[in-house]
Amino acid sequence: MNRVGTGYDLHRLAEKKDLILGGVKIDYHLGLEGHSDADVLVHALIDAMLGAAALGDIGFHFPPDDSRYRGISSLELLKETKAIIGRERWYIINTDTVIIAERPRLSSYIERMRANIAAALALPLCRISVKATTTEGLGVCGREEGIAAQAVVLVEKGTHPGPAGHEAE
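Scope of this entry: the structure provided in the associated data block.

What counts, and at which threshold
- Residues numbered from 1 in each chain as written.
- Predicted model: local features only at pLDDT ≥ 70, side-chain atom pairs only at ≥ 80, totals over all residues.
- Heavy atoms only, no water.
- Pairing = 2+ DSSP bridges.
- Helix = DSSP H or I, 4+ residues; strand = E, 2+ residues; numbered from the N terminus.
- Phe/Tyr/Trp six-rings, centres within 6.5 Å; stacked < 30°, edge-to-face > 60°.
- Buried < 20%, exposed > 50% of the residue type's maximum accessible area, 1.4 Å probe, protein only.
- Contact = heavy atoms within 4.5 Å.
- Axes fitted to C-alpha atoms, helices over the stretch in contact; angles between N-to-C directions.
- Salt bridge = Lys/Arg side-chain N within 4 Å of Asp/Glu carboxyl O.

Quick look at the pairing of strand β7 (residues 146-157)
Alright, step 1. Pairing between strand β1 (residues 2-14) and β7: eleven bridges, direction antiparallel. When the sheet's bridge partners are listed, Leu10 is paired in β7 with Ala148.

Below, the structure written as structure tokens:
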């Protein structure tokens, strides 16, 4: 059985914060506000994974009022999310994500983001897609008030750690 999950996250840009996307520290004068490292890309991916498995959302599993998660790397939360869905025998086939930001330009960081996510999920790089787009100056992201991300994940229910016949990818 296969299922698809979607995720979305948006955080406000702020001064004196690091900008972390896909586990990569981006060289930029603003960062994202949040309880953890505020990595919107990974947060959207976590919600997509949990949604595909019908296991709630990021706030349920990693509550923002829980001090254990203050400042934590979202890649650690991603690893834990993989374990959560794995306990229910859901395995990721592939992910597709997009970061929505007017600035900074992210093309030079995308491959490192993909590599970080692939490593955290113990998946081949060919199953991880990360893209970036702008909103042509429209909306919260276009006004550079925040950065958003969307994610789609395909999962398969089974007893193996990946889709049949694809373990060697």
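Brief notes about the packing of aromatic side chains
Alright, step 1. Across all of its chains, the model carries one aromatic pair by this definition.
Alright, step 2. Taking 5.4 Å as the distance between ring centres and 85 degrees as the angle between the ring planes, the aromatic pair formed by Phe62 and Tyr69 counts as edge-to-face. Grouping residues by exposure puts Phe62 and Tyr69 together as buried.

A word on the sheet that holds strand β5 (residues 90-100)
Alright, step 1. An order of β4-β1-β7-β5-β6 is seen for the five strands of this open sheet, with the pairing classed as mixed. A strand with exactly one partner marks an edge of an open sheet, and here the two such strands are β4 (31-32) and β6 (128-133).
Alright, step 2. Sitting on the sheet, helix α1 (residues 40-52) is in contact with β1, β4, β5, β6 and β7, with an inclination near 150 degrees to β1.
Alright, step 3. In the packing of helix α4 (residues 110-121) onto the sheet, the strands contacted are β5 and β6, and the crossing angle to β6 comes to about 145 degrees.

Brief notes about the pattern of salt bridges
Alright, step 1. Going through the model one piece at a time under the given rule, you end up with eight salt bridges.
Alright, step 2. As a salt-bridge pair, Lys79 and Glu76 come within 3.2 Å of each other at their nearest N and O atoms. Here the residue Lys79 and the residue Glu76 both occupy positions in helix α3 (residues 74-87), the gap between them amounting to three residues, near one helical turn.
Alright, step 3. Residue Lys79 is classed as partly exposed on the basis of its relative accessible area of 39%.
Alright, step 4. The shortest N-O distance in the salt bridge between Arg103 and Glu144 comes to 2.6 Å. Here Arg103, found in the loop between β5 and α4, pairs with Glu144, found in the loop between α5 (139-142) and β7; they are 41 residues apart in sequence, far enough to count as distant.

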